[in-house]
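# Structural characterization, general
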Amino acid sequence: MQSRRVALRLLPKSPCACSSTSTSPYSSRLRPTSRFNSTLSHINTAGPRKASNSFNMSPHLTRSNQSSMRLLSSVGSLSSDGPNSSDNSSFVAPPTSNPTAILPAASITAFSNNPASASSSSLSSSPLHQLRSSSTVSRARTSLIARHLSTSSSTTSNDSKNNTMASQYSIRKVGQPYTLEHRVYIEKDGVPVSPFHDIPLYANADKTILNMVVEIPRWTNAKLEISKEETLNPIKQDIKKGKLRYVRNCFPHKGYLWNYGAFPQTWEDPNVVHPETKAKGDNDPLDVCEIGELVGYTGQVKQVKVLGVMALLDEEETDWKVIVIDVNDPLASKLNDVEDVERHLPGLLRATNEWFRIYKIPDGKPENQFAFTGECKNKNYAMDVVRECAEAWERLITGRTQPGGISTTNVAVGNSPSRVDPNQLPPIPANQDLPPAPIDASIDKWFFISGASA
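Cut-offs and rules
- Residues numbered from 1 in each chain as written.
- Predicted model: local features only at pLDDT ≥ 70, side-chain atom pairs only at ≥ 80, totals over all residues.
- Heavy atoms only, no water.
- Helix = DSSP H or I, 4+ residues; strand = E, 2+ residues; numbered from the N terminus.
- Buried < 20%, exposed > 50% of the residue type's maximum accessible area, 1.4 Å probe, protein only.
- Contact = heavy atoms within 4.5 Å.
- Areas by Shrake-Rupley, 256 points an atom, 1.4 Å probe, with all protein chains shown as cover.
- pLDDT = per-residue confidence, 0-100.
- Salt bridge = Lys/Arg side-chain N within 4 Å of Asp/Glu carboxyl O.
- 1 Å grid on protein atoms, 1.4 Å probe; cavity = no way out; pocket = protein on both sides within 12 Å on 5 of 7 lines; lining within 4 Å.
- Points joined across faces, edges and corners; volume = space filled by probe spheres on them.
- Nonpolar A, V, L, I, M, F, W, Y, C, P; charged D, E, K, R; others polar.
- Disulfide = S-S within 2.5 Å.
- Pairing = 2+ DSSP bridges.

Before going further, it helps to spend a moment on the overall build of the chain. Scanning the chain from N- to C-terminus turns up 11 helices and 19 strands. Counting all 454 residues of the chain, 55% fall into the buried class. Summarising the internal contacts of the chain: among those between residues at least 6 apart in sequence, 75% fall at separations of at least 24. Total accessible area computed for the chain in this model is approximately 19400 Å², and 50% of it derives from carbon and sulfur atoms.

A word on the confidence of the model for the chain. Across the chain, the average pLDDT comes to 75, with 62% of residues at or above 70. The low-confidence segment residues 1-51 (pLDDT under 50) makes 98 contacts with residues lying over four places distant or belonging to another chain. Every residue in residues 148-160 is under pLDDT 50, and counting partners more than four places away or in other chains gives 22 contacts.

Phi is mostly negative for residues that are not glycine, and the peptide bonds are mostly trans. Omega for the peptide link from F251 to P252 comes to 5°, which places this bond in the cis form. Take P252: it is sitting in the loop between β11 (249-250) and β12 (259-262). Unusually for a residue other than glycine, T373 sits at a positive phi of about 50°. Its location among the elements puts T373 in the loop between β17 (369-370) and β18 (376-377).

On to the pattern of salt bridges, then. Counted by the stated rule, this structure contains 22 salt bridges. When the shortest N-O distance is used, the salt bridge between K223 and E225 registers 3.6 Å. A relative accessible area of 24% places E225 in the partly exposed class. Here R248 and D363 are joined by a salt bridge, their closest N and O atoms 3.6 Å apart. Linking R248 in the loop between β10 (243-244) and β11 with D363 in the loop between α10 (348-358) and β17, this pair joins segments that are 115 residues apart in sequence. Here the salt bridges share partners, and the residues they tie into one network are D314, E315, K360 and K365.

A word on the layout of surface pockets. The calculated volume of the largest pocket comes to roughly 620 Å³. K223, E225, R245, D282 and D284 are the residues nearest the centre of the largest pocket, which is lined by 29 residues in total. Among the residues making up the lining of the largest pocket, the classes are represented as nine nonpolar, one polar and 19 charged.

Looking at where M383 falls in the secondary structure, it is placed in helix α11 (residues 379-397). By relative accessible area, M383 is classed as buried at 10%. Ignoring sequence-local partners within four residues, the contact set of M383 consists of Y202, K207, L210 and V306.

Further remarks concern the state of the cysteines. Scanning the model with the defined rule gives zero disulfides in all. Free cysteine C289: the closest other cysteine sulfur is in C376, separated by 9.4 Å.

Checked against the element boundaries, R245 lands in the loop between β10 and β11. Owing to a relative accessible area of 22%, R245 belongs among the partly exposed residues under this scheme. Expressed as a C-alpha distance, the spacing of R245 and K223, which sit 22 residues apart in the sequence, is 5.6 Å. Excluding its chain neighbours within four sequence positions, the residues that come into contact with R245 are N221, A222, K223, Q237, D238, I239 and K240.

Another aspect to go through is the pairing of strand β15 (residues 301-314). For β15, the tally of buried residues reaches 13 of 14 residues, placing the bulk of the element in the interior. Sheet analysis places strand β6 (residues 210-216) next to β15, joined by four bridges and oriented antiparallel. Within the sheet, the bridge partner assigned to L210 lies in β15 and is V304. Across 10 bridges, β15 lies against strand β16 (residues 317-326) in antiparallel orientation. Within β16, the position partnered with L313 by the bridge is T318. Taking the residues that link successive antiparallel strands as the turn, the β15-β16 hairpin has two residues, and the phi of E315 there is positive, at about 55°.

Put into structure tokens, the structure is as follows:
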């Protein structure tokens, strides 16, 4: 215990963090020693766990506060060439100049773009490695890192077939990002297709691997989504009251915590009230949070496996959030259910719960609520939700459910009355790889929410 107290006293300060908080986009507001002790407890107790249909966040994150949350303040902008950079091909660092100075050493590899680069030599140069000289801590840390790195080689060969399907799809960008005219179309073999209707939900015959369409890359703020109303449903930035929408940064989070997107060929039916959430569907494709280590790009088609699901209640509608992992991620073979997420990525589920509860507060809206007291339901429950939403989409695309304002135009669904020949599609402009338009500096402010972790 003495060595842990010393680690807390000597923890280096960061310009983006105070000494009692962690600014990791994957962690909740835990003191460094608390997060570190939690990590050690997972190392020491790794092994079979009792089966459960959910993972329950700690009470202080899942209960409704007796008094409503209160917005305290916002602070200055981050660099405009940071997470909102137009180049999504490379790993985007968290909002701090030295992530290793504020993260437990056992968690450093979770943010590495190349796990193989997290060698013992690179770790030995970090301040935390120098400070925590306890042999017990060192062995525990080395064991966790070795376990993480061991997954890289095993997943690459097993999932090579999944890359074949992903390579069929490309994107066509129209207009400048962060403008009203910007659209991202998805193409298959050069032919524009609908990400809502034409991309198959399942990526393998066993229906254990699913296709996901990335709408919003991790750590970015622009609220991009599949356009339900437009022909072929391109991805565009959401608009409210004539203005482009951005999510605010609620400390310590920066933008979205995951690669956020949707499952194709799913629909949350607004005509159906779910028997357990007691709320109707939100009239959108099923939302997905991909928790892998690589930052995606808008329009990317990922192959993922389902781990769990949360039921957000957003303005009296059920808004499911499915937790998934890219099958090509180094940790994919280790993550098979919701309990594995907490074991290997401690704090992520709690941070996810918190993010969805508070992200609208800076815009003057009340705290969001969850069904099931905030529990993250397990894989089996999540797959049932996926199947229900796939059946709802089937009714929509075949005309058994009236579409309302949804465009059901597609080029690949055989039993759909809305299917058209690609030659009948209206002309779409050629790809325009334009630089993004400037974003107002206020988008990068941090907002501090009273009671967010109380």
